[in-house]
Amino acid sequence: MSRPATSPDAPPAYTRPARARRPARAARLGVSPFDPEESPLARTRRARRMARELAVIHPDAHCELDFTTPLELLVATVLSAQTTDKTVNKVTPVLFARYPDAAAYAGAGRAELEEVLKPTGFFRAKANSVIGLGQALVERFDGEVPGRLADLVTLPGVGRKTANVVLGNAFGVPGLTVDTHFGRLVRRFGWTAEEDPVKVEAEIAEVIPKKEWTMFSHRVIFHGRRVCHAKKPACGACGLAAWCPSYGVGPLDPEAAAKLVKTPAASDTE
């Protein structure tokens with residue numbers, strides 16, 4: 001498992017030429033990459049090998065939402081629904097300065113808040129969530145963001161995905177962030193056949209050590225945004241090709257595949 005040869009100041013190298021081999025069965029036949037005949041032990045070993053390689057491919061993986069407090073991360077994550085992290089990061093400096101605590105959100109003027117949130121889309125619904133969030137925090141948690149999953153998911157606009165983002169990145173509590181990229185990739189990897197995010201989370205929790213959940217989530221999401229795209233994954237430039245049962249779904253030619261790999265600046269940060 002060798003690291004890409006880069007200078008200290010060079011951007012991360014996400015392109016890892018894959019060793020030439022024939023497309024995997026799922027790509028050839030259009031069947032599910034999940035193999036029910038693969039034993040749980042074999043699947044776990046393969047998953048952990050791929051997880052180690054992801055750590056090499058994406059050493060810079062991190063939460064791409066800008067924040068300094070648990071409240072800022074909670075609000076930013078709620079706002080990230082149906083938009084990009086990049087868009088949220090453009091809005092939040094003004095938002096956080098104008099509404100510095102839960103009480104400020106609870107008492108926010110709706111028209112003013114909606115105007116700030118407008119670039120994120122669905123701004124009326126998001127304003128409702130943010131105001132409700134502030135009110136719930138003030139009324140039930142003394143204005144502080146709780147550090148327990150059971151409490152977080154009772155807040156307006158907060159589901160398990162958002163709760164795990166906050167727990168993992170603001171409180172250091174391991175959590176798996178099952179967003180669109182995460183679900184797509186672990187199914188492509190043949191680690192699960194489940195579609196429901198809660199069931200996906202439960203199955204992946206069985207194969208990845210708990211202490212790694214937060215960083216593993218970041219690495220999978222980075223890989224989904226930069227290499228393993230939804231419509232045209234860069235299979236021929238993917239460092240996971242040797243263990244991936246979906247190898248061949250995307251272009252196998254290394255040069256053609258490398259052109260599909262996105263840099264951080266150009267990546268889809270949905």
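Since the structure is predicted, the reported quantities are computational estimates derived from the model, not experimental observations.

(A) Main features of empty space enclosed by the protein. Throughout the structure, instances matching the rule amount to one cavity of 30 Å³ or more. Along the wall of the largest cavity there are 13 residues; nearest its centre are Cys-228, Pro-233, Cys-235, Cys-238 and Cys-244. Taken together, the residues of the lining of the largest cavity break down into eleven nonpolar, one polar and one charged.

(B) Spatial organisation of the domain arrangement of the chain. Domain annotation for the chain reports domain 1 (25-61 + 177-268) and domain 2 (70-144). If you average the C-alpha positions of domain 1 and of domain 2, the two centres end up 32 Å apart.

(C) Representation of the pattern of salt bridges in the model. Under the counting rule described, the total for this entry stands at eleven salt bridges. Note that Glu-64 and Arg-226 form a salt bridge whose closest N and O atoms lie 3.0 Å from each other. In this pair, Glu-64 sits in the loop between helix H2 (40-57) and helix H3 (70-79) while Arg-226 sits in helix H12 (residues 213-226), placing the two residues 162 residues apart along the sequence. Summarising the burial analysis for this pair, Glu-64 and Arg-226 share the class buried. Arg-148 is paired through a salt bridge with Asp-151; the nearest N and O atoms lie 3.0 Å apart. Within the structure, one salt-bridge network assembled from shared partners comprises Glu-64, Asp-85, Arg-225 and Arg-226.

(D) Representation of the UniProt feature "binding site: [4Fe-4S] cluster" (unreviewed entry) in the chain within the structure. As recorded in UniProt, the sites labelled "binding site: [4Fe-4S] cluster" (unreviewed entry) are Cys-228, Cys-235, Cys-238 and Cys-244. The largest pairwise C-alpha distance within this set of annotated residues, which runs over 17 residues, is 11.2 Å, so the set is compact in three dimensions. Cross-referencing the annotated residues with the largest cavity identifies Cys-228, Cys-235, Cys-238 and Cys-244 as lining it. Residue position: Cys-235 is located in the loop between H12 and helix H13 (254-258). A relative accessible area of 9% places Cys-235 in the buried class. Apart from residues lying up to four places away in sequence, Cys-235 is in contact with Ala-18, Ala-241, Ser-246, Tyr-247, Gly-248, Val-249, Gly-250, Pro-251, Leu-252 and Ala-257.

(E) Structural view of unusual backbone geometry. If you check the backbone angles, Gln-82 has positive phi at about 60° while not being a glycine. The topology assignment puts Gln-82 in the loop between H3 and helix H4 (85-98). On the accessibility criterion, Gln-82 (67% relative accessible area) is exposed. Even without being glycine, Phe-122 reaches a positive phi, approximately 50°.

(F) Summary view of the nonpolar core. Ranked by size, the top nonpolar core spans 36 residues in total, and within it Val-75, Leu-95, Leu-113, Leu-137 and Leu-155 carry the most contacts. At the level of secondary structure, the elements contributing two or more residues to this core comprise H3, H4, helix H5 (102-106), helix H6 (110-117), helix H7 (123-141) and helix H9 (160-170). When residues in this core are grouped by element, the largest group, eight residues, is from H7. In contact with Leu-113, not counting residues within four places along its chain, are Leu-95, Tyr-99, Ala-108, Ala-127, Val-130 and Ile-131. Formed by 31 residues, the second largest nonpolar core is a distinct cluster that contains Trp-191, Phe-222, Leu-240 and Cys-244.

About the cut-offs
- Residues numbered from 1 in each chain as written.
- Predicted model: local features only at pLDDT ≥ 70, side-chain atom pairs only at ≥ 80, totals over all residues.
- Heavy atoms only, no water.
- 1 Å grid on protein atoms, 1.4 Å probe; cavity = no way out; pocket = protein on both sides within 12 Å on 5 of 7 lines; lining within 4 Å.
- Points joined across faces, edges and corners; volume = space filled by probe spheres on them.
- Nonpolar A, V, L, I, M, F, W, Y, C, P; charged D, E, K, R; others polar.
- Domains from an automatic or database assignment.
- Salt bridge = Lys/Arg side-chain N within 4 Å of Asp/Glu carboxyl O.
- Helix = DSSP H or I, 4+ residues; strand = E, 2+ residues; numbered from the N terminus.
- Buried < 20%, exposed > 50% of the residue type's maximum accessible area, 1.4 Å probe, protein only.
- UniProt positions renumbered as here; feature names shortened; annotations may be inferred.
- Contact = heavy atoms within 4.5 Å.
- Core = buried A, V, L, I, M, F, W, Y, C linked by side-chain atoms within 4.5 Å.

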